[in-house]
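Tertiary structure, described
This is what each chain is made of:
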Amino acid sequence: MSNIQWYPGHMTKAVRNIKNDIKLVDIIFELRDARIPNASSNPDITELTAGKKRLIVLNKADLADERLTGKWKEKLNNDSCTVISMDSRSKKGTGDLYRSVEELIREKRERDHSRGITGNRPVKALVCGIPNVGKSTLINTLLGRASAKTGNKPGVTKGDQWVSSDTGLLLLDTPGILWPKFSDPTVGFLLASIGAISDTILDIEEVAIFIIQKLNDLYPGILFERYGFTEEDISSHSEDEDLCIPGVDYRSLAILDTIAEKRKCLKKGALPDREKAAKLIVDDLRAGRLGKITLERP
């Protein structure tokens, strides 16, 4: 399978802007996707924001395995950062968000007071994360109004946007950024699976095969239940060399073909339309139609 890489030019500029802005901010809001809490952590962001108080928000928690989200929160929580989970679209978990924000603001005010800084100047927070993780939606939740553009595809926010809230926060929304090279190819596929990488550069069949392999390992039976097939259906696909893909185990390929048949994703001659079936699987995962799934273990 190929090695996915995606680093458009505007991300280079975004990283440069964050380097310039970081000295101005008091708090870092880092959003990650609750379905891939480790792979959705940008190591460049971690390096750039070192020494700053952080709030890690495991967003889209409504799509993730709740039990594993709890374990990830335990693993990631430490003295320098607070970890919460929420779904910024449905507003579930906003209570924890507001309490965490209030605590961070209080701590900042106390530090200022101990240094002889009086008055309640706005507390500046940088909102950052990978593409399509919900940064703008989170800001709109904090503000209670739609001030930042939102969308369900990576790259909606192109430039930095400062916005103020009634809570005393001055928020800087930044474009979603990845890092120039994924040292582990698995990271690229995890990011592609949840929609953090533009679909225009992906081989959607490879992404679907990756998802099938992951789900067979982590949630055995979930694909059988969703698409209504059996082991007998899979075994009916003989290992035809013409249908094989180098580097892909045949069972995963047979499952893809079986799903294509069950969902009538067919080409001329009643052959499985793998691309159409692959898009179906990827869309179902991203929308939560396969169930609450976390693709990484703590």
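Description of the structure in this document. Everything quoted here is computed from the prediction, not taken from an experiment. The numbers attached to residues start from 1 for each chain and follow its sequence in the written order. Local features are withheld for residues below a pLDDT of 70 in this predicted model, meaning they are given only at 70 or higher, and side-chain atom pairs are given and counted only at 80 or more; totals for whole chains, interfaces and linings count all residues. Working from all heavy atoms in the structure, the side-chain values ignore hydrogens and water.

Section: unusual backbone geometry
- Of note in this structure, Lys60 is not a glycine but carries a positive phi near 60 degrees.
- Helix and strand assignments come from DSSP, with helices taken as H or I runs of at least 4 residues and strands as E runs of at least 2, each series counted from the N terminus. When you line up the elements, Lys60 lands in the loop between strand 2 (53–59) and helix 3 (66–76).
- When accessible area is computed with a 1.4 Å probe and restricted to protein chains, residues below 20% of their type maximum are described as buried, those above 50% as exposed, and intermediate ones as partly exposed. A residue is classified by how much of its surface remains accessible, and Lys60, at 11% relative accessible area, is buried.
- With phi around 65 degrees, Ala270 is a residue other than glycine that occupies positive phi space.
- Here Ala270 is to be found in the loop between helix 10 (250–262) and helix 11 (274–287).
- On the basis of relative accessible area, Ala270 is assigned to the exposed category, the value being 52%.

A few points about the pattern of salt bridges
- Salt bridges are defined as contacts in which a side-chain nitrogen from Lys or Arg sits within 4 Å of a carboxyl oxygen from Asp or Glu. Following the criterion strictly, the structure yields 15 salt bridges and no others.
- Between Arg286 and Asp199 there is a salt bridge whose closest N-O contact spans 2.9 Å. Residue Arg286 is located in helix 11, and its partner Asp199 is located in the loop between helix 6 (185–193) and helix 7 (204–218); the two are separated by 87 residues in the primary sequence.
- One salt bridge connects Arg251 with Glu231, and the closest N-O pair in it is separated by 2.8 Å. With a gap of 20 residues between them, Arg251 in helix 10 and Glu231 in helix 9 (residues 231–235) connect regions that are remote in the sequence.
- Classification of Glu231 by relative accessible area gives partly exposed; the value is 44%.

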